[in-house]
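Geometric and topological summary
The lines below spell out each chain.
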Amino acid sequence: MNKAKLTDLLSTIFDEKSYSTDEAVLFAYSMDVSIHEYVPDAVVLPENRDQVVQLVKLAHTYNIPLIPRGSGTGASGGAIAVHGGIIVDFTKMNKILNLDIENLQVTVESGVIHADLNKYLEQFGFFFPVIPGSSDMCSIGGMVGNSASGLRAVKYGTTKDYVLDLEVVLPDGKIGNLGSSVQKTASGYDLIRLFVGSEGTLGIITKITLKILPIPEARGVVSGFFNDVEQIGKAVVNIFTAKIIPAAIELLDKSAIQAINLYKPTMNLPDAEAMLLVELDGTKESVISITKKVYHILKENGAFQTEMTTKDEERQKLWNARKLVGAAARRVRDGYARVYEGEDITVPLSKIAKTLLKLRELSQEFNLPIVVFGHIGDGNLHPAILIQKNNPEHWEKLNQLSEKIHEFAIEIGGTVTGEHGIGLTRAKYLQKERPIVLELMRKIKKAIDPKNIMNPGKMDLDGGYNSNE
Amino acid sequence: MGAIIRMNESLLNESLLIDMLKCARCGKCRALCPSFKENKWETSSARGRVLLSLGLMQNKIPMTKRLISDIFSCFICKQCSELCPSAVDVPRIIENTRTLIHKKGLTPSPIQLILDNLDESKNIFNMDQEDRLLWTMNVEELIENRICKPAEIGFFVGCLESFKGSLGVIPEALILIMDALKIDFTILGEEEWCCGNPYFIAGDSRHIANQFAEHNIQKMAALKVKTVVTTCPGCYRVWSSIYPVIYGTLPFQILHSTQLLAQLIAKGELQITNLLPQKIVFQDPCELGRHCGVYDAPRKILSTIPNVRLFDFENSRENSECCGGGGLVKAVHPNLAKLQCQNKIKQYLSNKIDQIITACPSCLDNYLTSLESNPETLTIKDLHELIAELLDLL
């Protein structure tokens, strides 16, 4: 469709401040955090569900791809217009619609920022316990679309464990509520779990009802510094065998510690091969008790320096630095930038030490820095590869390196993504990792979105449209 | 910012490109960017503007009207860079993109008018240089024998305070304080030219600003001043950070007036005994705080006032949000500047602040405009005016 015609059509739904086909604007929406770049045909910022419905009907009529986007903080290329089309930016749909404390739930529009939601809930003593590192920036819609998790998945699970209901605009423009406002239901297929993590390929989510929990009375943090990565795996296993389930167990390797020190020099973390950061929560008494236990477990398992605190300010400082270590990774090597490839593998807990050693080996083999950190408590590692973006040889090496990382994760019984999603970045691995699942996914996609207008080109789903099934 | 002046173009482009490519696109800046909070478009966030700049530099996009508008909706408040995990120097990138726009003759007309005024009249208002002393009418006797006379301190007044009537109280107050403390000072009067800050912020790369720098430096040097003091954070940033890049080491030290007053308090030469039983907040001017690192001096002054309750928000000092008066945004997007200021006023009202204090003519000007429609319970005052009042000089 030509630009003038598209502009005309969009102007029947949106005021001039809420859509654009300007070339410069389109370029700014051609990327997310991933390395991919595809320019859309238009960008719209809906303000309400009705506009989304009208837009979907228009796209359905004219076969225009629609790509929902929260804050563009996704790392898999999920919010990129591979086949052109319209980016649907939910930034303006950022209202918290209803807090129902009696029924432990909150309903929000898709564009609400995660940190804003928890700031709002905090005043009532509640929280949405899934905490991604990008909390200050990412939207709840994006979290649902990508089945995000983050720092506290060990104890609290991931986004899919908290979604009670979704209002979805389906590819033909019909509006559907997929769940229920009660805490559980066995009424039919669990379509909530189907749509959570569907990356915008099945419909557009406009409203989300989330289960919320009371904020724990107290929290404690133990940090331990190790000179042997093998000891870290043992320490983690021993925490679990001591019947302690921490809220979070985070790992930072030598270079990640260095990145934090460069980003926040006042942290002054000691030089070590790796660091463990363990967060405990619960009642005041229990936190004091288990914090001490974890402190001793880390010591007994070889930590050469161990510290613990239950003070909010100190705890918060550590977490704030940890949350941004991914983006700060580039500070360890001048002239290099972080790229999001091979950055979200998840491996069995028993294989963490082996994985860390493999990553070091690969870093040396390719002569590219890899800063490693992640949610060791659930086996989710984030190797941050650094390259010189203006060096073509580095891009070539990056392709090979990320391939090796992903293949290694699959070989040892892991997965190519723990929480960032498949999108474009990992589409080619789905066939290898979960062939039957991909086959079913393609059938489901084709059944719900026969015209393939919902975020086409992602998750290797287009293959379903090329077959004659 | 000033460092770009001496680089040759290819080196500059290479260093800017590396800076843009550093960006991990994590979006931390998006969460902080004041103009994004209002506009909601990616292109009005720091991350988006870096992408626009990258697209232009790589010749991937044309210089559209929308691009120009978004590049000129940046307050250059530096909040993005302050917290950027990847250490991207966003203000430097924005100013360079403004330079590209200027070279094509596409600078927005309200800003081009300011630049034309500077070219023609050496001040931003296109007034006669003779009118630079209009603000002195209440302190004429105190300065008539001091203009362009050798002295210890050279007070550089700046265009906003010299020509805009509502801001004239700022230099007037400092003159009264310095006179009361028997400080040996001079001013350049009609010989003062604009510091040149608008040229830098607008991305005007014609190097005319260098003439302004040389003129002002030579005038002050001829008076053998040991210290140049300015009440305007914009002038302070230019004198302290950019002039040395253009001119080399300056033959005098540069102080913001709050630093001078804080030094006088520390020496015991300035004492405030009158009470101020109010809850006040200090609006950190972006060019004084994040751009130049001066946070403590104004707080040291204010905290010596008896009975005052100086309130610091979580988002003060390094995390302080721009008042909306920066980056020449007000000239192109006056509503955006006003909305940003009104957002800040709402925060102050909800925290039951009695009075906002600032030490910047742009902040004062923007607050005065934005407070017009707000309750009288909240007022804005310049720090120098406050101190002069407490010393019973005003």
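What you are looking at is a predicted structure, and each value in this text was computed from that prediction instead of being measured. (Residues numbered from 1 in each chain as written. Chains lettered and ligands numbered in written order. Predicted model: local features only at pLDDT ≥ 70, side-chain atom pairs only at ≥ 80, totals over all residues.)

So, about the overall build of chain B. Secondary structure summary: chain B contains 20 helices and eight strands in total. Its C-alpha atoms give chain B a radius of gyration of 21 Å, within 12% of the compact-globule value 21 Å for 394 residues. Expressed along its principal axes, the backbone C-alpha trace of chain B runs to roughly 60 × 50 × 35 Å. Burial analysis of chain B (394 residues in total) assigns 53% to the buried set. Sequence separation of 24 or more characterises 79% of the internal contacts of chain B that already satisfy a separation of 6 or more. (Helix = DSSP H or I, 4+ residues; strand = E, 2+ residues; numbered from the N terminus. Rg over C-alpha atoms; globule rule 2.2 N^0.38 Å. Buried ≥ 20, exposed ≤ 12 C-beta atoms within 10 Å, placed from the backbone. Contact = placed C-beta atoms within 7 Å.)

Now for the sheet that holds strand 18 (residues 380–387) of chain A. All names here are of chain A. Taken in spatial order, the seven strands line up as 15-12-14-13-17-18-16 in an open sheet, and their pairing is antiparallel. The open sheet is flanked by strand 15 (305–309) and strand 16 (337–339), the only strands paired with a single partner. Taken over all neighbouring pairs, the strand axes of this sheet differ in orientation by 20° on average, direction set aside. Of the strand pairs in this sheet, strand 13 (residues 248–253) and strand 17 (residues 370–375) are connected by two bridges, and their pairing is antiparallel. The partner of leucine 252 across the bridge, within strand 17, is phenylalanine 373. (Pairing = 2+ DSSP bridges. Axes fitted to C-alpha atoms, helices over the stretch in contact; angles between N-to-C directions.)

Residues and elements named next belong to chain A. Its 13 residues place the ends of helix 8 (residues 229–241) 19 Å apart at the C-alpha level, agreeing with the 18 Å of an ideal helix rising 1.5 Å per residue. Listed as buried for helix 8 are Val229, Gln231, Ile232, Gly233, Ala235, Val236 and Ile239. Looking at the buried residues of helix 8, the elements they touch are strand 12 (218–226), strand 13, strand 14 (274–282), helix 10 (284–300) and helix 13 (352–366). Downstream of helix 8 by a residue or two, lysine 243 has a phi angle that is positive, lying close to 65°. (Expected span 1.5 Å × (residues − 1).)

Among the secondary structure elements, Leu9(A) is positioned in helix 1 (residues 3–11). A count of 21 C-beta atoms within 10 Å places Leu9(A) in the buried class.

Turning our attention to the domain arrangement of chain B. Residues and elements named next belong to chain B. Split by domain assignment, chain B resolves into domain 1 (2–106), domain 2 (110–264) and domain 3 (272–390). Computed over C-alpha atoms only, the centres of domain 2 and domain 3 are separated by 22 Å. With 32 residues of domain 2 at the contact, the number on the domain 3 side is 27 residues. Elements with a contribution of two residues or more to the side of domain 2 that touches domain 3: helix 8 (109–121), helix 10 (159–163), helix 11 (169–180), helix 12 (197–202), helix 14 (233–247) and helix 15 (257–266). Class assignment for the residues of the side of domain 2 that touches domain 3 results in 19 nonpolar, 10 polar and three charged. (Domains from an automatic or database assignment. Nonpolar A, V, L, I, M, F, W, Y, C, P; charged D, E, K, R; others polar.)

A few words on the pairing of strand 13 of chain A. Put simply, side chains in a regular strand alternate between the two faces of the sheet. Residues and elements named next belong to chain A. Of all six residues in strand 13, six are buried; the element is thus mostly enclosed. Neither face of strand 13 is left uncovered, since the one carrying Ala248, Glu250 and Leu252 and the one carrying Ile249, Leu251 and Asp253 both have all their residues buried. As paired strands, strand 13 and strand 14 are joined by six bridges and run antiparallel to one another. Its bridge partner being in strand 14, glutamate 250 is matched across the sheet by leucine 277.

Before going further, it helps to examine the sheet that holds strand 2 (residues 185–187) of chain B. To summarise the sheet geometry, strands pair through backbone hydrogen bonds and adopt either a parallel or an antiparallel arrangement. Residue and element names in this part refer to chain B. Within the open sheet, the four strands sit side by side as 2-1-3-4. Their pairing is parallel. Two strands close off the open sheet at either side, each with one partner strand: strand 2 and strand 4 (253–256). Strand-to-strand twist in this sheet, taken as the mean axis angle between neighbours without regard to direction, amounts to 30°. Relative to strand 2, strand 1 (residues 153–156) runs parallel, the two being bridged by three bridges. The residue of strand 2 that forms the bridge with isoleucine 153 is phenylalanine 185.

Let us now look at the domain arrangement of chain A. What the domain assignment reports for chain A is domain 1 (3–89), domain 2 (96–214), domain 3 (218–327), domain 4 (333–411) and domain 5 (434–466). One C-alpha centre belongs to domain 3 of chain A, the other to domain 5 of chain A; they are set 42 Å apart.

Now for the interface of chain A and chain B. Listed as interface residues are 31 residues of chain A and, on the opposing side, 28 residues of chain B. Taken together, the elements giving at least two residues each to the side of chain A that touches chain B come down to helix 2 (23–28), helix 12 (325–328) and strand 16 of chain A. Here the residues of the side of chain A that touches chain B sort into 14 nonpolar, eight polar and nine charged.

Attention now moves to helix 4 (residues 46–57) of chain B. Residue and element names in this part refer to chain B. Its 12 residues place the ends of helix 4 16 Å apart at the C-alpha level, agreeing with the 16 Å of an ideal helix rising 1.5 Å per residue. The element helix 4 is extensively covered by neighbouring structure, given that 11 of its 12 residues are classed as buried. Along helix 4, the positions that sit buried rather than exposed are Ala46, Arg47, Gly48, Arg49, Val50, Leu51, Leu52, Ser53, Leu54, Gly55 and Leu56. Looking one or two residues past helix 4, asparagine 59 carries a phi angle of roughly 55°, positive in sign.

Residue and element names in this part refer to chain B. You can see lysine 224 is positioned in the loop between helix 13 (208–222) and strand 3 (227–230). Judged by the 13 C-beta atoms lying within 10 Å of it, lysine 224 falls in the partly exposed class. Distance in space between the C-alpha atoms of lysine 224 and isoleucine 153 is 8.9 Å, their sequence separation being 71 residues.

This brings us to the environment of Gly325(B). Residues and elements named next belong to chain B. Inspection of the secondary structure puts glycine 325 in the loop between strand 6 (309–311) and helix 17 (329–332). The sequence separation of glycine 325 and lysine 381 amounts to 56 residues, and the corresponding C-alpha distance is 15 Å. In this view, glycine 325 contacts Lys330, Ala337, Ser362, Cys363, Asp365 and Asn366; residues no more than four positions away in its chain are not counted.

The subject of this paragraph is the pairing of strand 17 of chain A. All names here are of chain A. Of all six residues in strand 17, six are buried, a share of seventy percent or more. Of the two faces of strand 17, the one carrying Ile370, Val372 and Gly374 and the one carrying Val371, Phe373 and His375 are both buried. Sheet topology places strand 17 next to strand 18; six bridges connect them, and they run antiparallel. Counterpart to valine 371 in the pairing with strand 18 is alanine 384.

Attention shifts here to the confidence of the model for chain B. Residue and element names in this part refer to chain B. Here chain B shows a mean pLDDT of 93. Residues at 70 or above account for 96%. When the criterion is pLDDT under 50, residues 1–7 qualifies, and its contacts beyond four places in sequence or with other chains add up to 16 contacts. Here the predicted complex scores 0.93 on pTM and 0.93 on ipTM. (pLDDT = per-residue confidence, 0-100.)

So, about the nonpolar core. Counting 259 residues, the largest nonpolar core has Leu66(A), Val325(A) and Val371(A) as its most contacted members. Considering every element that reaches this core, the biggest residue donor is helix 11 of chain B, with seven residues. Contacts of Val325(A), omitting those with residues within four sequence positions, involve Leu252(A), Ala256(A), Ala259(A), Ile260(A) and Phe373(A). (Core = buried A, V, L, I, M, F, W, Y, C linked by C-beta atoms within 7 Å.)

Attention shifts here to the packing of helix 4 of chain B against helix 7 (residues 90–103) of chain B. Residues and elements named next belong to chain B. Their axes nearest at 10 Å, the elements helix 4 and helix 7 cross at an angle of 45°. Judged by the angle between their axes, helix 4 and helix 7 are oblique. Here helix 4 and helix 7 pass one another in a crossing that is left-handed. On the side of helix 4, the interface is formed by Ala46, Arg49, Val50, Ser53 and Leu56, while helix 7 contributes Val90, Ile93, Ile94, Thr97 and Leu100. Residue classes in the contact of helix 4 with helix 7 are distributed as seven nonpolar, two polar and one charged. (Parallel < 35°, antiparallel > 145°, perpendicular 65-115°, else oblique. Left-handed = near helix turned anticlockwise from the far one by under 90°.)

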